Amino acid sequence: MSNYHIKQFEEYFQVYRKSVRNPEQFWEEIAEEHFIWKKKWSNVLSYDFSKAEFKWFEDAKLNITENCLDRHLHTKGDKTALLFEPNNPEEEAEHITYRQLHERVCKFANVLKDKGIKKGDVVCIYLPMIPELAISVLACARIGAIHSVIFAGFSSTAVSSRINDCNAKMVITSDGSYRGSKTIDLKGIVDEALKDTPGIESVLVAKRIHSEINMEEGRDFWLEPLLEEAYADCAAEVMDAEDPLFILYTSGSTGKPKGMVHTIGGYMVYTAYTFKNVFQYRDNDVYWCTADIGWITGHSYIVYGPLANGATSVMFEGVPSYPDYGRFWDIVEKHKVTQFYTAPTAIRALAKQGAEFVEKYDLSSLKVLGSVGEPINEEAWHWYDENVGKKKSPIVDTWWQTETGGIMITPIPFSTPTKPTYATLPFIGIQPALMDENGEEIKGNQVEGRLCIKFPWPAMARTIWGNHQRYKDTYFSAYDNKYFTGDGALRDEVGYYRITGRVDDVIIVSGHNLGTAPIEDAINEHPAVSESAIVGFPHDIKGNALYGYVTLKDVGESRNHDNLRMEINQLITDRIGPIAKLDKVQFTEGLPKTRSGKIMRRILRKIAANEIDQLGDTSTLLNPEVVQHIIDNVK
Ligand code: 6R9
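Keep in mind that what you see is a predicted model, and the values were worked out from it rather than measured. Per-chain numbering applies: the sequence of each chain, read as written, is numbered from 1 onward. Local features in a predicted model are, by the rule used here, given only for residues with pLDDT of at least 70; side-chain atom pairs are given and counted only at 80 or more, and totals for whole chains, interfaces and linings are based on all residues. Water and hydrogen atoms play no part in the side-chain values, which are based on all heavy atoms of the structure.

(A) Representation of the overall build of the protein chain within the structure. Helix numbers and strand numbers start at the N terminus; a helix is a DSSP run of H or I with at least 4 residues, a strand a run of E with at least 2. Helices and strands together make up the secondary structure of the protein chain, namely 21 helices and 31 strands. Put simply, the radius of gyration uses C-alpha atoms, and a globule should come to 2.2 Å times the residue count raised to 0.38. Here the protein chain has a C-alpha radius of gyration of 24 Å; the compact-globule value for 635 residues is 26 Å, and the two agree. Residues are treated as being in contact if the distance between any of their heavy atoms lies within 4.5 Å. Expressed as a percentage of contacts within the protein chain between residues at least 6 apart in sequence, the contacts between residues at least 24 apart total 71%. The method behind every accessible area is Shrake-Rupley, applied with a 1.4 Å probe, and residues are considered shielded solely by the protein chains displayed. Accessible surface, the protein chain: about 24400 Å² in total, of which carbon and sulfur atoms supply 46%. Charge separation in the protein chain, taken as the distance between the mean sites of 70 positive and 88 negative side-chain charges, equals 3 Å. Working convention for charge: Lys and Arg count positive, Asp and Glu count negative, and His plus the chain ends are omitted. Note that the charge is assigned to NZ on lysines, CZ on arginines, CG on aspartates and CD on glutamates.

(B) Highlighting the UniProt feature "domain: Acetyl-coenzyme A synthetase N-terminal" (unreviewed entry) in the protein chain. UniProt positions are given in the numbering used here, feature names are shortened, and annotations may be inferred rather than shown by experiment. Under the local residue numbering, the UniProt record ascribes the feature "domain: Acetyl-coenzyme A synthetase N-terminal" (unreviewed entry) to residues 12–68. Secondary structure over residues 12–68 splits into 47% helix and 25% strand, and the C-alpha atoms at its two ends are 26 Å apart.

(C) A look at a negative patch on the surface. A cluster of acidic side chains, namely Asp554, Glu557, Glu589 and Glu625, defines a negative patch on the protein surface. Note on placement: Glu625 falls in helix α21 (residues 625–632). Residue Glu625 is classed as exposed on the basis of its relative accessible area, which comes to 57%. A patch consists of residues exposed above 30% relative accessible area that lack any salt bridge, with like charges linked at up to 9 Å and nonpolar side chains (Val, Leu, Ile, Met, Phe, Trp, Tyr) linked at up to 5 Å. By definition here, a salt bridge exists when the distance from a side-chain nitrogen of Lys or Arg to a carboxyl oxygen of Asp or Glu is within 4 Å. Burial status follows relative accessibility: with a 1.4 Å probe on protein chains alone, a residue under 20% of its type maximum counts as buried, one over 50% as exposed, and anything between as partly exposed.

(D) Looking closely at the sheet that holds strand β21 (residues 432–435). Paired strands are those between which DSSP finds at least two bridges. The strand order across the open sheet built from five strands is β22-β21-β23-β25-β26, with neighbouring strands paired in antiparallel fashion. Edge positions in the open sheet fall to β22 (441–442) and β26 (497–502), since each of these has one partner strand only. For strand β25 (residues 483–491) and β26, the ladder comprises five bridges, and the chain directions are antiparallel. In the strand pairing of β26, Gly488 is matched with Gly501.

(E) Summary view of the site of the ligand. Close to the ligand lie 17 residues; Asp397, Thr398, Thr402, Asp487 and Arg502 are nearest. In the model, a nitrogen atom of the ligand is placed 3.4 Å from a nitrogen or oxygen of the Glu374 main chain. Measuring from an oxygen atom of the ligand, one finds a side-chain N or O atom of Arg502 at 2.7 Å. Isolated, the ligand exposes 530 Å² of accessible area, and the fraction of that covered by the protein chains is 95%. All residues other than Ala, Val, Leu, Ile, Met, Phe, Trp, Tyr, Cys, Pro, Asp, Glu, Lys and Arg, Gly among them, are scored as polar; the first ten of these are nonpolar and the last four charged. When grouped by side-chain class, the residues that make up the shell around the ligand number seven nonpolar, six polar and four charged. Here a residue counts as near a molecule or strand whenever at least one of its heavy atoms sits within 4 Å of it. Distance and chemistry together define a polar contact, namely a pair of N or O atoms within 3.5 Å, with one atom able to donate a hydrogen and the other to accept it when in protein, and with adjacent residues in sequence counting only for side-chain atoms on both sides.

(F) Expanded view of the sheet that holds strand β29 (residues 529–539). The strand order across the open sheet formed by three strands is β29-β30-β31, and the pairing between neighbours is mixed. Two strands bound the open sheet, and with one partner strand each, they are β29 and β31 (584–587). For this sheet the average axis-to-axis angle between neighbouring strands, irrespective of direction, equals 20°. Two strands pair when backbone bridges link them, and strand β30 (residues 543–552) and β31 are joined in this way by four bridges, in the parallel orientation. Bridging across to β31, Tyr549 finds its partner in Gln586. Structural elements are reduced to axes, namely lines fitted to C-alpha atoms, with helices fitted over the stretch in contact, and the angle between N-to-C directions of any two is expressed from 0 to 180 degrees. Along the sheet face, helix α17 (residues 516–524) touches β29 and β30 and points at about 135° away from the line of β29.

(G) View of the packing of aromatic side chains. Stacked, tilted and edge-to-face pairs are distinguished by plane angle, under 30 degrees for stacked and over 60 for edge-to-face with tilted covering the rest, among Phe, Tyr and Trp rings (Trp via its six-membered ring) whose centres lie within 6.5 Å. By the definition in use, this model includes 50 aromatic pairs. Each ring, one from Phe316 and one from Phe328, has its centre 6.2 Å from the other, and the planes form 75°; the classification is edge-to-face. Residue Phe316 is located in strand β17 (residues 312–316), and its partner Phe328 is located in helix α12 (residues 327–335); the two are separated by 12 residues in the primary sequence. Considered together, Phe316 and Phe328 belong to a single accessibility category, that of buried residues. Overall, the relative accessible area of 4% leaves Phe328 in the buried class. One aromatic cluster is present, built from ring pairs that chain together Tyr47, Phe49, Phe54, Phe455, Trp457, Tyr471, Tyr475, Phe476 and Tyr483. We note Lys40 situated over the ring of Trp41; from NZ or CZ to the ring centre the distance is 6.0 Å. We note Lys207 situated over the ring of Trp222; from NZ or CZ to the ring centre the distance is 4.5 Å. Put simply, a charge is over a ring when the Lys NZ or the Arg CZ is close to the ring centre, within 6 Å, and near the line of the ring normal, within 35 degrees.

(H) Representation of the environment of His210 in the model. Within the secondary structure, His210 is located in the loop between β11 (202–206) and β12 (220–222). Along the primary structure His210 and Ser174 are separated by 36 residues, whereas in three dimensions their C-alpha atoms are 9.5 Å apart.

(I) Examining the side chain of Gln339 more closely. Counting through the fold element by element, Gln339 comes out in strand β18 (residues 339–342). Polar contacts involving the side chain of Gln339 include one to the side chain of Thr338, which spans 2.7 Å. If sequence neighbours within four positions are ignored, Gln339 has contacts with Phe279, Gln280, Tyr281, Arg282, Asp285, Val286, Tyr287, Trp288, Lys367 and Val368.

(J) Region of the structure containing the packing of helix α20 (residues 601–608) against α21. At a minimum axis separation of 11 Å, α20 and α21 run at an interaxial angle of 20°. With respect to α21, the axis of α20 lies roughly parallel. Crossing geometry of α20 relative to α21 is assigned as right-handed. Every residue of α21 that contacts α20 at Ile603, Leu604 and Ile607 is listed here: Val627, Ile630 and Ile631. Looking at the contact of α20 with α21 residue by residue, the class counts come to six nonpolar, no polar and no charged. By the definition adopted for this analysis, an angle is roughly parallel if under 35 degrees, roughly antiparallel if over 145, roughly perpendicular if from 65 to 115, and oblique otherwise. The sense of a crossing depends on the near helix, which, turned anticlockwise from the far helix by less than a right angle, makes the crossing left-handed and, turned clockwise, makes it right-handed.

(K) Region of interest: the nonpolar core. Of all hydrophobic cores here, the largest spans 128 residues; its most connected members are Trp37, Phe57, Leu101, Leu112, Tyr273 and Tyr304. When sequence neighbours within four positions are dropped, the list of residues in contact with Phe57 reads Trp27, Ala31, Trp37, Trp41, Asn43, Val44, Ala241, Gly265, Gly266 and Val269. Among the nonpolar cores identified, the runner-up in size contains 45 residues, and Leu186, Ala193, Ile200 and Phe587 belong to it. Here the nonpolar core consists of buried residues drawn from Ala, Val, Leu, Ile, Met, Phe, Trp, Tyr and Cys, with membership extended through side-chain atoms lying within 4.5 Å.

(L) Layout of the pattern of salt bridges. This model, assessed by the stated rule, comprises 39 salt bridges. Residue Glu216 is joined to Arg219 by a salt bridge in which the shortest nitrogen-to-oxygen separation is 3.6 Å. What makes Glu216 partly exposed here is its relative accessible area of 40%. Between Asp220 and Arg219 there is a salt bridge, and its shortest N-O distance comes to 2.6 Å. Several salt bridges share partner residues, and in doing so they unite Lys187, Asp191, Glu216, Arg219 and Asp220 into one network.

(M) A look at unusual backbone geometry. Here the residue pair Tyr322 and Pro323 is connected by a cis peptide bond, since its omega of -5° sits within 30 degrees of zero. Tracing the backbone through its elements, the reader meets Pro323 in the loop between β17 and α12. Phi at His210 takes a positive value of approximately 55°, unusual for a residue other than glycine. Positive phi outside glycine occurs at Lys391, with the angle close to 60°. Note that Lys391 resides in the loop between α15 (378–388) and β20 (395–397).

(N) Main features of the packing of helix α10 (residues 264–278) against helix α11 (residues 296–308). For the pair α10 and α11, the least separation of the axes is 8 Å and the interaxial angle reads 90°. Taken together, the axes of α10 and α11 are roughly perpendicular relative to one another. Residues Tyr267, Thr271, Ala272, Thr274 and Phe275 of α10 touch α11, and the partners they reach there are His299, Ser300, Tyr301, Tyr304, Gly305, Pro306 and Ala308.

Here is the structure:
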């Protein structure tokens, strides 16, 4: 018997030990007993850290949508699979049963086929949080097309660079989206992006806001009439466990987007297994993850993990502040949500509004609260615990990444005693290690270091699309035989982990990972800018906000600085999206550099955080005098 559902702390330790003593046997049992395969694997795991090659369930054949949909039809056909809560609370929520979802996915899959999409083709999805987003993701998986979802807050330039990077043939979008009281012209953004994407053959457009949009003859098609005519049955393509399921872009240390590739078999097994245990999902529960499907959290824990377990998964189109700051709690009460999974930035924003927005609603249905995306600070943790969980619902602070595919370090609710700001213990099968600056593993407790994982796990990303070397360099070169996460962490006296934050060039703003390089590239495009450096600084709600240090060319010196600031932020909005805008821009004569010409961000970070007494040694700089100049002119 496999250990699919862990219910006690003692059991966690037993299963954990089993999973690391013999990982292959452990994962084989889970995979065999809880999923449907068309053909079994010849080998559970083969790997080579030095080549960054990892294969799970090699030669096995399956289709993930049969595991997420077809197999539930007999037992749960009439159960709600997706519960869609629209932006406008006056609009009725939509309960999509497993049977209906199966039919809608099949129809959508047939539309994709009609438009020439085949197994292995890449389809970009640029949609708001409406049912068509989940349905189109699953429709791609049904026919073996690779989905590449682009968060619908990205700009046209970001969209076109992602489309071109993965050679997508099709874009799926909508006429627009609702966001609180605003509407966004998504199709207009796509039109702009497609000026520069020769590979795109067709665009499918879902109707959402009923706005007048441009439809290009022969390229753009309204989705609804095609779906109406489509046949409601579509055989699931037989896929290899190691075929790509999707590409999802994440920020890196260069301006080029990093398309993380996840494959089917291992991802399915791991997301399903983590979902079941981290949320302790039971049959009649209503689970809600507030993330957008444009991020990994939505892929793994709105779509695949929940559906593979036959769960009811809420999909919310709107924002936490509309029509007021009680909206999340209104939804919890209305749908009797049992598990609620959100991000610290949302918790902080809601906490700031005061308790009256929470107190108005009956939150007694809640059993488990989750947090993801960035470290949760102590104050936010307690607010969540007291006001939302009423000190009865365990908080699972789940640490993981786009690259890891699923949750890696987390409490198991009702088993692991929680501790504020600690993600606690590794999930089953996960072997963390803390490394020092010399590349040695730091053993024992009450230590701090760089977080690595020293054994493969089923949901790890397999490569970066079109650039395996970059995958190897980024994740497997810092330390031998280990995956390097880019995060720092500490391990306390009992072995609990606390993630301390990024140790690389990624800054997490409101839970969104932003690479400094692409933002600096955008700023440097401004004709008056000579050089720039971005750092994060603490922010009440966003966690971090962006501080830009910019040096100007001679031509810029005389320009009005406020105008320049606006132009710089406009460039960032155009190239990346409004999420990457700078809160502060300081114009400076120079940037502190090492003798090898590297910008010393450590110093800039301290200045931005107003910790000028902690600058450390600046004497080794090439230009130490510039530091005082920057301090004297802090924005
Ligand atoms: C799932 C997701 C990954 C980065 C990660 C880390 C930060 C995520 C966290 C956390 C502290 C947590 N992060 N969860 N830090 N505690 N519970 O967010 O993926 O968007 O790729 O971000 O987010 O820095 O390395 P992704």
